[in-house]
Amino acid sequence: PIIDAKTKKIYKDEALERVIDKEEIIPPFKFLDAAVKLGMIQNITKAMIRKTCKYFEDKKIGFSINFTDRDLLDDSVIDELIESTSEFGIDNSFVTIEILENITLLDTGKDKVFKTINKLKELGFQIAIDDFGSESSNFSRIIYLQADYLKIDGIFIKGIKDDKDKQNITLSIIQLAQNLGIKSVAEFVSDEDTYEILKDFGVDYVQGFHFGKPEKNII
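Quick look at the structure, then. (Residues numbered from 1 in each chain as written. Predicted model: local features only at pLDDT ≥ 70, side-chain atom pairs only at ≥ 80, totals over all residues. Heavy atoms only, no water.)

1. Here we look at the packing of aromatic side chains
The geometry of an aromatic ring pair comes down to the distance between the two centres and the angle between the two planes.
Thinking step 1. One pass over the full model with this rule turns up six aromatic pairs.
Thinking step 2. Between the aromatic rings of tyrosine 55 and phenylalanine 56, the centroid separation amounts to 5.0 Å while the plane-to-plane angle is 85 degrees, which identifies the pairing as edge-to-face.
Thinking step 3. Note on tyrosine 195 and phenylalanine 211: the rings are 5.5 Å apart at their centroids and 75 degrees apart in plane angle, and the pair reads as edge-to-face. Of this pair, tyrosine 195 sits in helix 9 (residues 192-201) while phenylalanine 211 is found in the segment after strand 10 (205-206), placing the two residues 16 residues apart along the sequence. (Phe/Tyr/Trp six-rings, centres within 6.5 Å; stacked < 30°, edge-to-face > 60°. Helix = DSSP H or I, 4+ residues; strand = E, 2+ residues; numbered from the N terminus.)

2. Here's the deal with helix 2 (residues 41-55)
Thinking step 1. Compared with an ideal rise of 1.5 Å per residue, which puts 15 residues at 21 Å, helix 2 spans 21 Å between its outermost C-alpha atoms and is within 8% of the ideal.
Thinking step 2. Within helix 2 the residues assigned to the buried category are Ile41, Gln42, Thr45, Met48, Ile49, Thr52 and Cys53. Each buried residue of helix 2 lies within a common arc of 115 degrees when the element is viewed along its axis, so the set occupies one face.
Thinking step 3. Where the residues of helix 2 are buried, they touch helix 1 (32-37), strand 5 (62-66), helix 3 (69-72) and helix 4 (75-87). (Expected span 1.5 Å × (residues − 1). Buried < 20%, exposed > 50% of the residue type's maximum accessible area, 1.4 Å probe, protein only. Arc of directions from axis to C-beta. Contact = heavy atoms within 4.5 Å.)

3. Some points on the sheet that holds strand 5
Thinking step 1. With respect to topology, eight strands assemble into a closed barrel ordered 1-2-5-6-7-8-9-10, the strand pairing being mixed.
Thinking step 2. In this sheet, strand 8 (residues 149-152) lies alongside strand 7 (residues 126-132) in parallel orientation, the contact comprising three bridges. Residue pairing across strands places phenylalanine 132 opposite isoleucine 152, the latter belonging to strand 8. (Pairing = 2+ DSSP bridges.)

4. Digging into the packing of helix 2 against helix 4
Thinking step 1. The interhelical angle for the contact between helix 2 and helix 4, taken along N-to-C directions, is 10 degrees, at an axis separation of 9 Å. Relative to helix 4, the element helix 2 is oriented roughly parallel. Along its contact with helix 2, which presents Gln42, Thr45, Lys46, Ile49, Arg50 and Cys53, the element helix 4 presents Ser76, Val77, Glu80, Leu81, Ser84, Thr85 and Glu87.
Thinking step 2. In the contact of helix 2 with helix 4, the residues fall into four nonpolar, five polar and four charged. (Axes fitted to C-alpha atoms, helices over the stretch in contact; angles between N-to-C directions. Parallel < 35°, antiparallel > 145°, perpendicular 65-115°, else oblique. Nonpolar A, V, L, I, M, F, W, Y, C, P; charged D, E, K, R; others polar.)

5. Concerning the pattern of salt bridges
Thinking step 1. Applying the stated criterion across every chain yields a total of eleven salt bridges.
Thinking step 2. Aspartate 69 is paired through a salt bridge with arginine 70; the nearest N and O atoms lie 3.9 Å apart.
Thinking step 3. By relative accessible area, which is 21% here, aspartate 69 ends up partly exposed.
Thinking step 4. A salt bridge links lysine 112 to aspartate 75; its shortest N-O distance comes to 3.3 Å. Taken together, the residues span a long stretch of sequence, with lysine 112 in helix 5 (residues 110-122) and aspartate 75 in helix 4 at a distance of 37 residues.
Thinking step 5. Overlapping salt bridges bring together Glu14, Glu98, Lys151 and Glu187 as one network. (Salt bridge = Lys/Arg side-chain N within 4 Å of Asp/Glu carboxyl O.)

Next up, the structure:
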């Protein structure tokens, strides 16, 4: 769940992909690289889109789905998104597409990625930049990506209670988002003290084990 920092109520959910092998739950870092090498990542995303839309068909709550650069370059993935939201009666504004900001560093296909994001925005979908602040961050990309949400990289949230530098960086990102009219989301919130710090900083939403762990839903 993604929690409203002011009310502590669930704002939306993030759909996470896992492989279920008998009783074992296999996390994505164990299979996504193989899926990319085999050219199957788009099939996984399309399955996630359809299963997630089906799951939320009768639920009045928003949700987010993670997209890779390959997904944004594949018209069939975008078609699946549009068709699934229509089939299951999902309002497009309830759906957030989470992307990594480094997609702007693509050697090829960058223009198509921006066109796809523009198309999604025109259709009412929302865009979140995931793991903001990591590695190749560039504030100008926020404008180009037309982000509705900034998800602050967990590296700044973990241990923030005892690290003044992390506090200063996180506060700066939250203030940047506020100045741009973008909602901020802090991930990896694991305890009440961390939550209180972030709430005082003015973060809009929080996410982490302190508020809820991933739930197993086989669709």
